[in-house]
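# Residue-level structure breakdown
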Amino acid sequence: MMIQEKVWLISVTLMGLLAAAFIFVRARSHERQVDYAPLQKRAYRLRTVFFWILVFTLGPVMLYTLVDLPYDPVAAERSGGTVQVVDAVGYQWRWDLSRTEFKVGDPVEFRVTSADVNHGFGIYDADLRLVAQTQAMPGYTNRLRHTFTAEGTYRVLCMEYCGLAHHNMISEITVVKP
Ligand code: CUA
């Protein structure tokens, strides 16, 4: 089973459980009244405990995952590597890349823009897995940094519907061993 199908199944199950709980509560809401004061007290106490559990678990997780932000876009230059700049222009309906061959491990900066309408600049590996993407917008240049970690033939596809031959916006990138 693919990961998407698993996630879909889990989501549907959880949505079903939530709906069932809602229906259950709704169905029982007309039953006899009971004294909720003690129950409320207990719930409030639990809420406080829950709050502190959240603070002490999610707090460190958040700090740990955010510590690298903001991602340093010029780290490659400072570590001595040279960034290869590539101009990428989207047209209806093709890509114009100033360079299409790269080496594994070399940081590349794609300067992506469009000559006409909005396009989506997506780089896919041989298995059609997306490895990097940005928007190609008229009048604006987006910088997309990517370091290829595996050799092979990559494809640049358009990720935004841009007219009749949108599906024909395909370019190839070759990545070779250093
Ligand atoms: Cu360009 Cu779709």
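The coordinates are above.
Residues numbered from 1 in each chain as written. Predicted model: local features only at pLDDT ≥ 70, side-chain atom pairs only at ≥ 80, totals over all residues. Heavy atoms only, no water.

## Re the sheet that holds strand β3 (residues 101-103)
Applicable threshold: The criterion for strand pairing is that DSSP finds at least two bridges linking the strands in question. Each helix is a run of H or I in the DSSP string that is no shorter than four residues. Each strand is a run of E no shorter than two, and both are numbered from the N terminus. Axis geometry follows a simple rule: fit a line to the C-alpha atoms, using only the stretch in contact for helices, then measure angles between N-to-C directions, giving values from 0 to 180 degrees.
Spatially, β3-β9-β8-β5-β6 is the arrangement adopted by the five strands of the open sheet, whose pairing is mixed. Every interior strand has two partners, whereas the edge strands, β3 and β6 (130-136), have only one. Each adjacent strand pair in this sheet contributes to an overall mean axis angle of 25 degrees, direction not counted. Examined bridge by bridge, strand β5 (residues 119-124) and strand β8 (residues 152-158) share four bridges and lie antiparallel to one another. From the neighbouring strand, Gly-122 faces β8, where its bridge partner is Leu-157.

## Considering a nonpolar patch on the surface
Note the following rule: Candidate patch residues must exceed 30% relative accessible area and have no salt bridge, after which like charges are joined if within 9 Å and Val, Leu, Ile, Met, Phe, Trp or Tyr side chains if within 5 Å. Note on areas: these come from Shrake-Rupley sampling with a 1.4 Å probe, and a residue is covered only by the protein chains present in the view. Between Lys or Arg on one side and Asp or Glu on the other, a salt bridge is scored when a side-chain nitrogen of the former is within 4 Å of a carboxyl oxygen of the latter. Burial classes follow relative accessibility: with a 1.4 Å probe on protein chains only, a residue under 20% of its type's maximum area counts as buried, one over 50% as exposed, and anything between as partly exposed.
A contiguous nonpolar patch, built from Phe-51, Trp-52, Val-55 and Phe-56 and spanning about 440 Å² of accessible area, is present on the exposed surface. Among the secondary structure elements, Val-55 is positioned in helix α2 (residues 37-66). Owing to a relative accessible area of 34%, Val-55 belongs among the partly exposed residues under this scheme.

## A short note on the pairing of β5
Counting buried positions along β5 yields six of six residues, so the element is predominantly enclosed. Of the pairings in the sheet, the one linking β5 to β6 comprises six bridges and is antiparallel in character. Across the sheet, Tyr-124 pairs through a bridge with Leu-130, a residue of β6. Taking the residues between adjacent antiparallel strands as the criterion, β5 and β6 are bridged by five residues, where Leu-128 takes a positive phi near 60 degrees.

## What to know about the sheet that holds strand β7 (residues 142-147)
Read from one edge to the other, the open sheet built from four strands follows the order β2-β1-β4-β7, with strand pairing classed as mixed. Each end of this open sheet is capped by a strand with a single partner; those strands are β2 (94-97) and β7. Neighbour to neighbour, the strand axes of the sheet diverge by 25 degrees on average, direction disregarded. Where strand β1 (residues 84-91) and strand β4 (residues 107-114) come together, seven bridges link them in parallel fashion. Residue pairing for β4: Asp-87 is matched across the bridge by Arg-111.

## Observations regarding the nonpolar core
Basically, it comes down to this: For this analysis, a nonpolar core means a set of buried residues of the types Ala, Val, Leu, Ile, Met, Phe, Trp, Tyr and Cys, connected via side-chain atoms within 4.5 Å. Whether two residues are in contact is decided by their heavy atoms: any pair within 4.5 Å suffices.
Of all hydrophobic cores here, the largest spans 22 residues; its most connected members are Phe-110, Phe-121, Ile-123, Phe-148 and Ile-173. Where this core is concerned, the elements lending two or more residues are β1, β2, β4, β5, β6, β8 and β9 (170-176). Sequence-distant contacts of Ile-173, that is, excluding residues within four places in its chain, are made with Leu-97, Thr-100, Phe-102, Phe-110, Phe-148, Gly-152, Thr-153, Tyr-154 and Val-156.

## Notes on unusual backbone geometry
In terms of backbone geometry, most residues other than glycine have negative phi values and most peptide bonds are trans. Residue Trp-93 follows Gln-92 across a cis peptide bond; omega there is 5 degrees. With respect to the helices, strands and loops of the structure, Trp-93 is situated in the loop between β1 and β2. In this structure, Leu-128 takes a positive phi of about 60 degrees despite not being glycine.

## Describing α2
This is how it is decided: Helix span is expected to be 1.5 Å times the residue number reduced by one. Think of it this way: the bend at a residue is just the angle between two axes, each fitted to seven residues, one set ending at that residue and the other starting at it.
In this model, α2 (30 residues) spans 42 Å end to end at C-alpha, consistent with the 44 Å of a helix rising 1.5 Å per residue. Roughly 25 degrees is the biggest bend found in α2, and it falls at Leu-58, with proline Pro-60 one to four residues downstream.

## Topic: the packing of aromatic side chains
What counts here: Any Phe, Tyr or Trp ring, taking Trp's six-membered ring, that has another such ring centre within 6.5 Å forms a pair; planes under 30 degrees apart are called stacked, those over 60 apart edge-to-face, and the others tilted.
Going through the model one piece at a time under the given rule, you end up with seven aromatic pairs. Arranged with centres 5.9 Å apart and planes meeting at 20 degrees, the rings of Phe-102 and Phe-148 form a pair that is stacked. Taken together, the residues span a long stretch of sequence, with Phe-102 in strand β3 and Phe-148 in the loop between β7 and β8 at a distance of 46 residues. Through pairs of rings, three or more aromatic residues link up here, namely Trp-95, Phe-102, Phe-110, Phe-121, Phe-148 and Tyr-154.

## Concerning the side chain of Thr-134
Looking at the secondary structure, you find Thr-134 in strand β6. The contacts of Thr-134, once residues within four sequence positions are left out, are Val-112, Gly-120, Phe-121, Asn-142 and Leu-144.

Any functional reading would require information that these geometric values do not contain.
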